[in-house]
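Observations on the model geometry
Here is what each chain is made of, one letter per residue.
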Amino acid sequence: MEKNRQIILVSRPPQQGWLSEENFRLVEAPLPQPREGEILVRNHWLSLDPYMRGRMNEARSYALPQPLGEVMLGGTAGEVIVSKHPGFKPGDQVVGRLGWQEYALSEGAGLRKVNADSATPLSAYLSVLGMPGVTAWIGLFDICQPQAGQTVVVTAAAGAVGSVVGQLAKLRGCRVVGVAGGVDKCRYVVEELGFDACLDYKVGALWPALKAATPERIDCLFENVGGEIFDTLLGRMNAHARIALCGMIAQYNSAPYPLRNLSSLLVNRIRLQGFIVTELTERWPVALADLGEHVAAGRLKYRESVVEGLAQAPAALIGLLRGENFGKQLVRLV
Ligand SMILES: NC(=O)c1ccc[n+]([C@@H]2O[C@H](COP(=O)([O-])OP(=O)(O)OC[C@H]3O[C@@H](n4cnc5c(N)ncnc54)[C@H](OP(=O)(O)O)[C@@H]3O)[C@@H](O)[C@H]2O)c1
């Protein structure tokens, strides 16, 4: 009989330290059989995302911790294999949150049907046409609200969210400066994505390069990283600037960084807003429609880092948190 393979979380990493592959276990289970009102989905792609590290902790947050002994939570894209649900038929392509497993049962709640084709592959619905793309869109347009001619800075600029932020800001007519780790990532965001400049934070002091790249200071900061980089950027903000606080990945595996430039918020009368994209459901349709138009017209480019097979997911999540990914980190299952 065919089996399902799943990855479960078996232990928690230290609250302020690195996760390891030993925190996970690959297990086999019987292939689940759908009952009336359910579908069986074959997952083709898993999305790996930085928030997964936060959920491995037991600490209070905006979402409950990932339970021990259960299948790792996570975004998926796949195909309906068996349907006992009136709203789905075999062959339907669905994007949802069915976790780190090859097959999953669902009652359909939280599943989005999509029409992938050769121009827009199924994996794109986990990146530019999915949660990271919508995060970029909402953080940029609803929170940062950049005007043409203003300077937008985005950190983790070569990643899934950051790469979309910078391209959308260029389409809005802004000067766009990315911050990324390494010469290859910086070359990519400038030469292929069209950013005006990119600062490689790994080559030395960020401040002189930042000053040179932002002659009119920063009007909008889309912050994905936190820590020392964020602190440095805070020192370069304009009066009445806006900050979309999207992520603080620099401290997901370490102690919080004490900010020295917090007074910039007061002195510059800055509006800073944290946000969680999954709570802003009313904005998803408009964001997805706009992103879809840009992708179809070739105005938004995206890139994927792909590892093969479920067993690679833990190592790839660690790699993502270390910055080994270029664009969206995915696991291909089929
Ligand atoms: N608020 C929300 O609703 C929401 C939704 C989605 C994502 N997020 C957040 O958005 C951020 C980006 O997510 P993503 O999915 O697009 O991931 P990503 O940017 O594709 O991948 C993470 C990147 O973070 C960078 N990074 C890791 N550690 C770093 C450090 N210590 N200092 C500087 N950069 C570091 C690495 O790029 P480099 O090689 O350039 O360092 C790495 O490639 C994350 O903070 C995530 O938690 C928030």
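This one's a predicted model, so the numbers in the text were calculated from it and none came from an experiment.

Using the criterion set out here, one finds four aromatic pairs in the structure. Cation over ring: Arg-42 sits above Tyr-103, and NZ or CZ is 4.7 Å from the ring centre. The ring of Phe-88 has Lys-113 lying over it, and the distance from NZ or CZ to the ring centre is 5.2 Å.

All right, on to the side chain of Gln-150 then. With respect to the element layout, Gln-150 can be found in the loop between helix 2 (131-144) and strand 8 (151-155). Its relative accessible area of 19% is what places Gln-150 among the buried residues. Within the structure, Gln-150 has its side chain in polar contact with the side chain of Arg-242 (distance 2.8 Å). Not counting chain neighbours up to four residues away, the residues in contact with Gln-150 comprise Gln-145, Cys-174, Arg-175, Asp-219, Cys-220 and Arg-242.

On inspection of all chains with the given rule, the structure shows 11 salt bridges. Where Glu-58 meets Arg-12, a salt bridge forms, and the shortest distance between an N and an O atom there is 3.8 Å. Here Glu-58 is found in the loop between helix 1 (51-55) and strand 4 (76-83), whereas its partner Arg-12 is found in the loop between strand 1 (3-9) and strand 2 (24-30), with 46 residues between them in sequence. The exposure class assigned to Arg-12 is partly exposed, which follows from its relative accessible area of 24%. When the shortest N-O distance is used, the salt bridge between Asp-92 and Lys-113 registers 3.6 Å. Linking Asp-92 in the loop between strand 4 and strand 5 (93-96) with Lys-113 in strand 7 (residues 112-114), this pair joins segments that are 21 residues apart in sequence. What you see here is one network of salt bridges that share partners, running through Lys-89, Asp-92 and Lys-113.

The subject of this paragraph is the state of the cysteines. According to the stated counting rule, one finds one disulfide in the structure shown. The thiol of Cys-220 is not disulfide-bonded; the next cysteine sulfur, from Cys-144, is found 4.8 Å away. The thiol sulfur of Cys-246 is not disulfide-bonded, and the nearest other cysteine sulfur, from Cys-144, lies at 9.8 Å. Judged by relative accessible area, Cys-246 falls into the partly exposed class, the value being 22%.

Pairing is parallel in the open sheet, where six strands are placed in the order 10-9-8-11-12-13. Strand pairing shows two members of the sheet lacking a second neighbour, strand 10 (197-200) and strand 13 (271-274), which therefore form its edges. For this sheet the average axis-to-axis angle between neighbouring strands, irrespective of direction, equals 15 degrees. Pairing geometry for strand 11 (residues 218-223) and strand 12 (residues 237-245), over five bridges, is parallel. Bridging from a neighbouring strand, Ile-218 pairs with Met-237 of strand 12. The strands that helix 4 (residues 183-192) touches are strand 9 (175-180) and strand 10; relative to strand 10, the one it contacts most, it runs at about 170 degrees. Running over the sheet, helix 5 (residues 206-213) touches strand 9, strand 10 and strand 11 and is turned about 175 degrees from strand 10.

Here the focus is the domain arrangement of the chain. Domain annotation for the chain reports domain 1 (3-126 + 303-332) and domain 2 (131-278). Once you take the C-alpha centre of each, domain 1 and domain 2 turn out to be 28 Å apart. Both faces combined, the contact of domain 1 with domain 2 buries some 1400 Å², and carbon together with sulfur accounts for 60% of it. Our count for the contact surface shared by domain 1 and domain 2 stands at zero salt bridges. In this structure, the connection of domain 1 to domain 2 is made through four residue pairs in polar contact (both at pLDDT 80 or more). The residue inventory of the side of domain 1 that touches domain 2, partitioned by class, reads eight nonpolar, five polar and four charged.

The residue Ser-127 is located in the loop between strand 7 and helix 2 in this model. The exposure class assigned to Ser-127 is buried, which follows from its relative accessible area of 4%. Sequence-distant contacts of Ser-127, that is, excluding residues within four places in its chain, are made with Pro-132, Gly-133, Tyr-302 and Lys-328.

Reading guide: rules and limits
Every chain begins its residue count from 1, and numbering advances along the sequence as written. Note on the predicted model: pLDDT of at least 70 is required for a residue's local features to be given, and 80 or more for side-chain atom pairs to be given and counted; whole-chain, interface and lining totals, by contrast, use all residues. To obtain the side-chain values, all non-hydrogen atoms of the structure were used and water was disregarded. Classification of ring pairs rests on two measures: the distance between centres of Phe, Tyr or Trp rings, Trp counted by its six-membered ring, which must be within 6.5 Å, and the angle between planes, read as stacked under 30 degrees, edge-to-face over 60 and tilted in between. Two thresholds decide whether a charge sits over a ring: the Lys NZ or Arg CZ must be within 6 Å of the ring centre and within 35 degrees of the ring normal. The secondary structure listing takes helices from DSSP runs of H or I that are at least 4 residues long and strands from runs of E that are at least 2 residues long, numbered from the N terminus. Burial here depends on accessible area, computed with a 1.4 Å probe over protein chains only, as a share of the maximum for the residue type. Under 20% is buried, over 50% is exposed, and the range in between is partly exposed. We call two N or O atoms a polar contact when they sit within 3.5 Å, provided that within protein one can donate a hydrogen and the other can accept it, with sequence-adjacent residues counted only if both atoms are side-chain atoms. Any two residues whose heavy atoms approach within 4.5 Å at even a single point are treated as in contact. A pairing counts as a salt bridge when a side-chain nitrogen of Lys or Arg comes within 4 Å of a carboxyl oxygen of Asp or Glu. A pair of sulfur atoms, both from cysteines and within 2.5 Å, is called a disulfide here. Two strands are counted as paired when DSSP detects at least two bridges linking them. Between N-to-C directions, angles span 0 to 180 degrees; the directions come from axes that are lines fitted to C-alpha atoms, helices contributing only their stretch in contact. Domain delimitation in this document rests on an assignment produced automatically or drawn from a domain database. Computed with a 1.4 Å rolling probe, the buried area is the accessible surface lost when two parts are put together, summed over both parts. Side-chain classes follow a simple rule in which Ala, Val, Leu, Ile, Met, Phe, Trp, Tyr, Cys and Pro form the nonpolar group, Asp, Glu, Lys and Arg form the charged group, and the remainder, Gly included, forms the polar group.

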